[in-house]
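A structural walkthrough
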Amino acid sequence: LYALIFASLTEYQRQRLVGLATRDPLTGIANRRSMEVELADVLRSHQAQAQPAALAVVDMDHFKRINDL
């Protein structure tokens with residue numbers, strides 16, 4: 001019984017830590033760490049299926065000022 005409780009708590013804590021490490025606490029949006037993992041997964045999938053892939057990156061000037069509002 002104790003082992004089951006410990007295992008459940010450990011899994012809950014692991015999931016919580018992963019969420020804290022991969023999501024912005026204010027917005028809940030995925031952060032750079034999450035993007036790196038998802039991008040690697042997508043590229044691996046496209047390479048396995050011999051499909052082309054593209055990535056668009058947007059750099060917004062002065063976004064901090066907008067974000068702070």
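Above this text is the structure in question.
The following refers to the structure shown. (Residues numbered from 1 in each chain as written. Predicted model: local features only at pLDDT ≥ 70, side-chain atom pairs only at ≥ 80, totals over all residues. Heavy atoms only, no water.)

Before going further, it helps to examine the pattern of salt bridges. Enumeration over the complete set of coordinates arrives at four salt bridges. Here Glu11 makes a salt bridge to Arg14, at a shortest N to O gap of 2.9 Å. Separated by three residues within a single helix, Glu11 and Arg14 lie in helix α1 (residues 2-22), roughly one turn from each other. Classification of Glu11 by relative accessible area gives partly exposed; the value is 33%. Residue Arg14 is classed as partly exposed on the basis of its relative accessible area of 45%. Put simply, Arg32 and Glu36 hold a salt bridge, and the shortest N to O gap is 3.0 Å. Taken together, the residues Arg32 and Glu36, both in helix α2 (residues 32-48) and four residues apart, mark about one turn of the helix. What makes Arg32 exposed here is its relative accessible area of 58%. (Salt bridge = Lys/Arg side-chain N within 4 Å of Asp/Glu carboxyl O. Helix = DSSP H or I, 4+ residues; strand = E, 2+ residues; numbered from the N terminus. Buried < 20%, exposed > 50% of the residue type's maximum accessible area, 1.4 Å probe, protein only.)

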